[in-house]
Amino acid sequence: MSLVVVGSIALDTIHTPHGKREKVLGGSCVYFALAASFFTKPKIVGIVGEDFPNQYLELLKERKIDLEGLKIASGKTFFWEGKYDENPDFRETIKIELNVFSQFSPVLPEKYKESDFVFLANIDPDLQFNVLNQIRKPKLVALDSMNWWIEHKLDSLLKVIKKIDILFVNEEEAKMLTQRANIIKAGKELIKLGPSLIILKKGTHGALIFEKDHIFVFPAHPVEDVMDPTGAGDTFAGGFMGFLDKKGKVNLSLICKALIYGSVLASFVVEDFSVNKLLILTHKEIKKRFKEFKKLISY
Ligand code: AMP
């Protein structure tokens, strides 16, 4: 099978109670692709500026991530700065500089157009729509977004949500999108927007999963020391979609397994700053935590 992801490739400055890191590798696309690379060979659609360090490109290549759809443009790379307090579920965005993103109009390489699994990571919804339209016959399309786009481009976002199968959304975004204060009502409203599955992320508390006539709860793997929560959502999605792409089909039992892999990968990424943990993680460690997680959810 083949998995394509479009999203931000960023330089992040991150403040957490454990310290500060400046201009480190980040972006929704990067976290997603690194997590998915444990299962498959993801293809990236994105843009960076000339300031993007070569060593970061090498890291992605080493993980067998396909960079044919990555454009290096004149200008500066997308920059995001965020701050967390003691509660890792809350963060403040201090600064966003769109830079090369403001001029990005992706044209997919021919081989990308045959992709079966598509992840539209957090990025301008017009770009998400543009990329989706270039894929001929996707089997499964998932999307993630954030409050920034709900506030600034709601119509575009709703247009693309109509065309997808799975929506990843957090509690605040779900409430903003549906204007519902109750999370169950919000989830049920989201299903009406088009997707057949809503994965409503609740940070350290796991996720609520909504199907048309069915809701189930899914815990997060417990982590005692969260160093840096950045990218947990994208890493979760990367583990989830990467596993499904490897299997090449989608059914409820595989979705449950994919959720566990997503949760396991997310529990690793927050143990260090930026993508550091994903770069040293082994399949053995993932398998071990997968087994621990299964014990955790069997009563
Ligand atoms: P997450 O913690 O999973 O929401 O993802 C964090 C990543 O999203 C960071 O590495 C940022 O570079 C990236 N990011 C933050 N804001 C935006 C935005 N408005 N558009 C695209 N990517 C963003």
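Residues numbered from 1 in each chain as written. Predicted model: local features only at pLDDT ≥ 70, side-chain atom pairs only at ≥ 80, totals over all residues. Heavy atoms only, no water.

Asker: Would you mind going over the overall build of the chain with me for this structure?
Answerer: Looking only at helices and strands, the chain features eleven helices and 13 strands. Expected size for 299 residues packed as a compact globule is a radius of gyration near 19 Å; at 18 Å, the chain falls within 12% of this value. In terms of overall dimensions, the chain has C-alpha extents of about 55 × 40 × 35 Å along its principal axes. Buried residues in the chain amount to 56% of all 299 residues. The long-range fraction of contacts in the chain, counting pairs at least 24 apart against all pairs at least 6 apart in sequence, stands at 64%. Accessible surface for the chain amounts to roughly 13600 Å². Of this, 50% is attributable to carbon and sulfur atoms. Here the chain holds 42 positive side-chain charges and 38 negative ones, and the gap between their average locations is 7 Å. (Helix = DSSP H or I, 4+ residues; strand = E, 2+ residues; numbered from the N terminus. Rg over C-alpha atoms; globule rule 2.2 N^0.38 Å. Buried < 20%, exposed > 50% of the residue type's maximum accessible area, 1.4 Å probe, protein only. Contact = heavy atoms within 4.5 Å. Areas by Shrake-Rupley, 256 points an atom, 1.4 Å probe, with all protein chains shown as cover. Lys, Arg positive; Asp, Glu negative; His and termini not counted. Charge placed at Lys NZ, Arg CZ, Asp CG, Glu CD.)

Asker: What am I meant to see in a positive patch on the surface here?
Answerer: Together, K246, K247, K249, K257, K287, K291 and K294 make up a region of like positive charge exposed at the surface. Assignment of secondary structure puts K249 in the loop between α8 (232-247) and α9 (252-269). (Patch = residues over 30% accessible without salt bridge, like charges linked within 9 Å, V, L, I, M, F, W, Y side chains within 5 Å. Salt bridge = Lys/Arg side-chain N within 4 Å of Asp/Glu carboxyl O.)

Asker: Looking at this structure, I do not really get the pattern of salt bridges. What am I missing?
Answerer: Pairs may arise between side chains of opposite charge once their charged atoms sit close together. Here the structure, examined in full by the defined rule, presents 18 salt bridges. E110 is the partner of K113 in a salt bridge, and the nearest nitrogen-oxygen pair spans 3.1 Å. A salt bridge links E110 to R136; the shortest N-O distance between them is 2.7 Å. A residue pair is termed long-range when its members are at least 10 positions apart, and E110 in the loop between β7 (91-97) and β8 (117-120) and R136 in the loop between α3 (125-134) and β9 (140-144) qualify at 26 residues. The exposure class of E110 is partly exposed, given its relative accessible area of 49%.

Asker: Quick question: what am I supposed to make of the sheet that holds strand β6 (residues 78-84) here?
Answerer: Note: strands within a sheet are paired through backbone hydrogen bonds, in either parallel or antiparallel orientation. Strand order across the open sheet formed by four strands is β3-β2-β6-β7, with mixed pairing between neighbours. The open sheet terminates on both sides in strands that have one partner only, identified here as β3 (19-26) and β7. Mean inter-strand twist for the sheet, computed between neighbouring axes without regard to direction, equals 15°. Where strand β2 (residues 10-16) meets β3, six bridges bridge the pair, whose relative direction is antiparallel. From the neighbouring strand, D12 faces β3, where its bridge partner is V24. (Pairing = 2+ DSSP bridges. Axes fitted to C-alpha atoms, helices over the stretch in contact; angles between N-to-C directions.)

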